[in-house]
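# Summary of the model geometry
What follows is the residue order along each chain.
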Amino acid sequence: MKKFVLFLFLVPIFSKAQTKSVAGTKPAGFVITGNVTGFPDGTSVSFLNEATNQPEKQGTIQNGKFVIKGKMDEPGFKGLIFADQPPMIPIFLDNENVTITGDKNSLESITVKGSASHNLYLGLNDQLKEYDAIVNGGGPLDSEAVAKVESIASDFVKKNPASFVSPLAIIRMYQLTQNGPEMETLYAKLPSSVKKGRLGQYLVQQIQESRINPIGSVIQDFSQDDTTGKPVDISSFRGKYVLIDFWASWCRPCRMENPNVVAAYNKYQDKNFTVLGVSLDQAKPAWINAIEMDGLTWSHVSDLKGWSNEVAAKFQVRSIPQNLLIDPQGKIIGKNLRGDVLDNKLSSLLQ
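Now for a quick tour of the structure. Because the structure is predicted, anything quoted here is derived from the model rather than measured. (Residues numbered from 1 in each chain as written. Predicted model: local features only at pLDDT ≥ 70, side-chain atom pairs only at ≥ 80, totals over all residues. Heavy atoms only, no water.)

## A word on the sheet that holds strand E4 (residues 65-70)
Under the convention used in this document: In this analysis, strands are considered paired if DSSP registers two or more bridges between them. For the purposes of this entry, the term helix denotes a DSSP run of H or I that reaches at least four residues, the term strand denotes a run of E that reaches at least two, and both are numbered from the N terminus. For helices, the fitted axis covers only the stretch in contact; all axes are lines through C-alpha atoms, and the angles between them, taken along N-to-C directions, range from 0 to 180 degrees.
The strand order across the open sheet formed by four strands is E4-E1-E7-E8, and the pairing between neighbours is mixed. Two strands bound the open sheet, and with one partner strand each, they are E4 and strand E8 (111-113). Averaged over all pairs of adjacent strands, the angle between their axes in this sheet comes to 15°, without regard to strand direction. Both strand E7 (residues 97-103) and E8 contribute to a ladder of three bridges, which runs antiparallel. In the sheet register, Thr 101 faces E8, and the bridge partner there is Thr 111.

## A few points about the state of the cysteines
Inclusion rule: By convention in this document, the label disulfide applies to cysteine sulfur atom pairs within 2.5 Å. For every residue, the accessible area (1.4 Å probe, protein chains only) is compared with the maximum for its type, and the residue is labelled buried under 20%, exposed over 50%, or partly exposed between those bounds.
One pass over the full model with this rule turns up one disulfide. One disulfide bridge connects Cys 251 with Cys 254, the sulfur atoms lying 2.3 Å from each other. Handedness of the Cys 251-Cys 254 disulfide follows from its S-S torsion of about 75°: it is right-handed. Across the pair, exposure class does not vary: Cys 251 and Cys 254 are buried alike.

## Things to note about the side chain of Glu 257
How we decide: Here Asp and Glu are counted as negative and Lys and Arg as positive; His is not counted, and neither are the chain ends. Here, a salt bridge means any Lys or Arg side-chain nitrogen found within 4 Å of an Asp or Glu carboxyl oxygen. Between two residues, a contact is recorded if the distance between any of their heavy atoms is within 4.5 Å.
Within the element layout of this structure, Glu 257 appears in helix H9 (residues 252-268). Arg 338 provides the closest opposite charge to the buried, salt-bridge-free Glu 257, at an N-O distance of 5.1 Å. Sequence-distant contacts of Glu 257, that is, excluding residues within four places in its chain, are made with Arg 338 and Gly 339.

## Structural notes on the environment of Val 218
By the secondary structure assignment, Val 218 is in the loop between helix H8 (198-210) and strand E9 (223-225). You can call Val 218 exposed: its relative accessible area is 52%. Distance from Val 218 to Gln 329, taken between C-alpha atoms, is 7.9 Å for residues 111 residues apart in sequence. Residues contacting Val 218, with those up to four places away along its chain left out, are Arg 238, Gln 329, Gly 330 and Lys 331.

The quantities given are spatial measurements derived from coordinates; they are silent on function.
Shown next as structure tokens:
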């Protein structure tokens, strides 16, 4: 599964205020002039490759200065790093003259000037800073805060419809609220140029996925055999909050996420919460062994048909790990909740 935070840092962004050149002409390209002290001469300055997340050298520092030249097909979100080491400096880059100023020992305070898109990005961040904890899944959910984030995103899009920062605002809103209809409403306000951009296309994917098993719908009934061959029906869990977890023993991201699910189960199993694992395995021994190795002490089902698992097909599961959280009445109230986001959601419901 694509990592949501990395994608947000490495996708192109568009701004209607991107050009300062004469009307009817295209800017020649961008020039980044850096003055970043504290690095020895010869230190590399690189962009992270969008596909591989690997550094691509763009220049070197001499006497605390560097210059990078290039041209963007459209304004883009670039990640800048020094000496091939974190932290990454996110920059919304336009075809403009951009200056970067800072010091090695305080890269978090580095300044970027000259990019209209970057200015909009910083403005959005400033508005959302108070809510960073809940947006990133690290703080308790609060209905007023959630409503405020939704309002900030909506206002930002209405004021800046032609900016590729607007899709970012929509995505961050949806990440927190999982409000698919509102995501579609805001997406409709974007011009075609933004919709056709990479971040706009990512929004299309999110909209399509939000229409599958939508929040607020009642879970479709299903039954599948557990590890002993006994049928387990999802309706038998009525009265509990249930995380339906789609996974497989051969899925490395699933196995990496399992400790988070175990932690959530152990923390909330006495508070009307449980987990139902739906495995896309084909070999029963591997399935059973993974359950035991990872300490997955909840109920598990599978028809051992791999990607043709009938429950996965019913819910259009095409990648794993995936999960659905349902309430005691069987209504879907969460999708693809992981790590702190899962704990955050359960805490708001059960604490």
